[in-house]
Amino acid sequence: MGSVRTAVFPVGGLGTRFLPATKAVPKEMLPVVDKPLIQYAVEEARDAGVEHFVFITASGKSAVEDHFDRNFELETVLAQQGKHDLLRHILMDGMVPGRLAYVRQMDPLGLGHAVWCARHLIGNGPFAVLLADELLRGDRPPLADLIDVHEDIGGNVVSVIEVAAEDTGSYGIVKPGRIDGRRIEVRGLVEKPDPADAPSQYAVVGRYILEPAIMGLLGEGHIGAGGEIQLTDAMARLIGGQPFNAVIHEGSRYDCGSKVGLLEANVALALERDDLVGVESAVRRALGD
Ligand code: G1P
């Protein structure tokens, strides 16, 4: 049995960057090729050994719940039509009854508040947090690299990439200590610093292994950057008391919280697909080549 069995997926955000598409459709349900963003994150967690999936939702997000549920009408029609491949695609392995939970965030107070809403569902052990708008890919599920470090050293682990100096204001930024291959000791964390104040260019990209002690800190409700309860601020307060490490993500990464990033992910993942014919020539035509 793996050491990290529960993952939390904050899916309560309004998705204003994608309006009008996200007026009635949750941004986590926007597709990359033919699968909604949230499913990539859930599959990554499942493939890394996670067994319990906790979604922090809000009003207007019921499509997420429906997506991971059975749809007997659709299943019946596909079976009658002999569309067994499609039938396999709509039934996700590992989605066993009782292993999915949905909690309404109720107040839009930030990422830290969203994670705190899962406090009664994470048990006494470490848990993962995955932000679905960060689509990470690698030879193995990127979350598994964090779990490895957690199993070696214990404590909290986040994944990072190096971003351009001018982009630090969009991320949680790590103050690095000792660097050992892909592992970085975390000495501090700052949410969205101006480039002039950033302690490095190592940016947190939406994958976390956290010790449950974070919940007490989040519960204090400190307001941080952007007037929100920030996960980064609570994590910063864990440093020193518990091991805290970052792992440099080595595979590809798509910022699907931005239009260009979502487009890039669609093109890149479509190009990888053997079953899709003509993607490359369609991209060339779009470029006017
Ligand atoms: C959140 C976190 C930030 C992290 C980022 C990754 O910010 O607060 O620390 O670096 O996700 O995408 P958001 O993009 O939700 O503003």
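As a starting point, this report considers the structure included with it. Think of each chain on its own: its residues are numbered from 1, step by step along the sequence as written. Only residues with pLDDT of 70 or above have their local features reported here, since the model is predicted, and side-chain atom pairs are shown and tallied only from 80 upward, although totals for entire chains, interfaces and linings are computed over all residues. Only hydrogens and water are set aside; all other atoms, that is, all heavy atoms of the structure, feed into the side-chain values.

A word on the overall build of the protein chain
Secondary structure summary: the protein chain contains ten helices and 13 strands in total. The C-alpha radius of gyration of the protein chain comes to 19 Å, within 12% of the 19 Å expected for a compact globule of 289 residues. Its C-alpha atoms put the protein chain at 60 × 50 × 35 Å along the principal axes. Whether two residues are in contact is decided by their heavy atoms: any pair within 4.5 Å suffices. In the protein chain, once contacts between residues fewer than 6 apart in sequence are set aside, the share between residues at least 24 apart is 74%. When charges are counted, Lys and Arg are positive and Asp and Glu negative, with His and the chain ends excluded. Working definition for charges: the position is that of NZ of Lys, CZ of Arg, CG of Asp or CD of Glu. Positive and negative charge centroids in the protein chain, built from 28 and 41 side chains respectively, lie 2 Å apart. Counting from the N terminus, the helices are the DSSP runs of H or I reaching at least four residues and the strands are the DSSP runs of E reaching at least two. C-alpha atoms define the radius of gyration in this analysis, and the globule rule sets the expected value at 2.2 Å times the number of residues to the power 0.38.

Brief notes about the environment of Asp180
Turning to its location among the elements, Asp180 is positioned in strand E9 (residues 172–180). Spatially, the C-alpha atom of Asp180 lies 26 Å from that of Glu166, the residues being 14 residues apart in sequence.

Let's talk about helix H6 (residues 142–153)
In a helix, the anticipated span is given by 1.5 Å times the number of residues less one. The terminal C-alpha atoms of H6 lie 18 Å apart, and with twelve residues this matches the ideal 16 Å at 1.5 Å per residue to within 8%. Note on classification: 1.4 Å probe, protein chains only; a residue is buried when its accessible area is under 20% of the maximum for its type, exposed when over 50%, partly exposed between these limits. Burial in H6 covers these residues: Pro142, Leu143, Ala144, Asp145, Leu146, Ile147, Val149 and His150. Of the residues trailing H6, Gly154 is marked for its positive phi of about 85°.

Re the pairing of strand E12 (residues 244–248)
Side-chain positions along a regular strand alternate between the two faces of the sheet. With four of five residues buried, E12 lies mostly within the body of the structure. For strand E10 (residues 183–191) and E12, the ladder comprises three bridges, and the chain directions are antiparallel. Residue Glu185 lies in a different strand from E12, and its bridge partner there is Asn245. Two strands qualify as a pair provided DSSP detects at least 2 bridges between them.

Focus: a nonpolar patch on the surface
Residues enter patches when their relative accessible area tops 30% and they take part in no salt bridge; the joining distance is 9 Å for like charges and 5 Å for the nonpolar side chains Val, Leu, Ile, Met, Phe, Trp and Tyr. To be clear on the numbers: accessible area is Shrake-Rupley with a 1.4 Å probe, and residue cover counts the displayed protein chains and nothing else. We count a salt bridge whenever a side-chain nitrogen from Lys or Arg sits within 4 Å of a carboxyl oxygen from Asp or Glu. Taken together, the side chains of Leu74, Ile90 and Leu91 define a hydrophobic patch exposed on the protein surface, amounting to about 210 Å² of accessible area. Looking at the element boundaries, Ile90 is found in helix H4 (residues 84–90). Note on Ile90: relative accessible area 32%, which makes it partly exposed.

Re the packing of aromatic side chains
Classification of ring pairs uses Phe, Tyr and Trp, with its six-membered ring standing for Trp, and accepts pairs whose centres are within 6.5 Å; under 30 degrees between planes counts as stacked, over 60 as edge-to-face, and the remaining range as tilted. Following the criterion strictly, the structure yields four aromatic pairs and no others. Taken together through their ring pairs, the aromatic side chains of Phe9, Phe53, Phe55, Phe68 and Tyr102 make up a single cluster. For a Lys NZ or an Arg CZ to count as sitting over a ring, it must be within 6 Å of the ring centre and within 35 degrees of the ring normal. In this structure, Lys35 packs its charged tip against the face of Tyr40, placed 4.7 Å from the ring centre. The ring of Trp116 is capped by Arg119, whose NZ or CZ atom sits 3.7 Å from the centre of that ring.

Quick notes on the side chain of Ser159
Structurally, Ser159 can be placed in strand E8 (residues 156–162). Classification of Ser159 as buried rests on a relative accessible area of 3%. Excluding residues that lie within four positions of it along the chain, Ser159 makes contacts with Leu136, Leu146, Ala203, Val204, Val205, Arg207 and Val247.

Examining the site of the ligand
The criterion for a residue being near a molecule or strand is simple. One of its heavy atoms has to lie within 4 Å of it. Looking at the ligand, the residues that line it are Leu111, Leu131, Glu134, Tyr171, Gly172, Glu191, Lys192, Val204, Gln230 and Thr232. For the purposes of these results, a polar contact is taken to be a pair of N or O atoms within 3.5 Å, where, inside protein, one atom must be able to donate a hydrogen and its partner to accept one; residues adjacent in sequence count only when each atom of the pair is a side-chain atom. Here Lys192 contributes a side-chain N or O atom positioned 2.6 Å from an oxygen atom of the ligand. Computed on the free molecule, the ligand has an accessible area of 380 Å², of which 77% lies beneath the protein chains in the complex. A 1.4 Å probe that fits into a set of points on a 1 Å grid over the protein atoms alone but cannot get out defines a cavity; an open set with protein on both sides within 12 Å along at least five of seven lines defines a pocket, and lining residues are those with an atom within 4 Å of a point. Pocket or cavity membership: a molecule qualifies when more than half of its atoms sit within 2 Å of the grid points of that site. Judged by the proximity of its atoms to the pocket grid, the ligand belongs to the largest pocket. Class assignment for the residues of the shell around the ligand results in four nonpolar, three polar and three charged. Gly counts as polar in this scheme, as do all residues outside two lists: the nonpolar Ala, Val, Leu, Ile, Met, Phe, Trp, Tyr, Cys and Pro, and the charged Asp, Glu, Lys and Arg.

Quick look at the pattern of salt bridges
A side chain of one charge can pair with a side chain of the opposite charge when the charged atoms of the two come close. Evaluated as defined, the whole model comprises 21 salt bridges. Among the salt bridges present, the one from Asp34 reaches Arg273, with a minimum N-O distance of 2.8 Å. Of this pair, Asp34 sits in the loop between strand E2 (31–32) and strand E3 (35–36) while Arg273 sits in the loop between helix H9 (259–272) and helix H10 (279–287), placing them 239 residues apart in sequence. Overlapping salt bridges bring together Arg140, Asp145, Asp148, Arg182 and Glu250 as one network.

Observations regarding unusual backbone geometry
Of the consecutive residues Leu19 and Pro20, the connecting peptide bond is found in the cis state with omega at 10°. The phi dihedral of Val33 is positive, around 65°, even though this residue is not glycine. Along the chain, Val33 falls in the loop between E2 and E3.

Some points on the pairing of strand E4 (residues 52–57)
When you tally the buried positions in E4, you get five out of six residues, the bulk of the element. Of the strand pairs in this sheet, E4 and strand E5 (residues 100–104) are connected by five bridges, and their pairing is parallel. Bridge pairing in E5 links Phe55 to Tyr102.

Some words on the environment of Gly261
Locating Gly261 in the fold gives a position in helix H9. Overall, the relative accessible area of 5% leaves Gly261 in the buried class. For the pair formed by Gly261 and Glu185, sequence separation is 76 residues and the distance between their alpha carbons is 29 Å. Sequence-distant contacts of Gly261, defined by excluding residues within four places in its chain, comprise Tyr254, Asp255 and Cys256.

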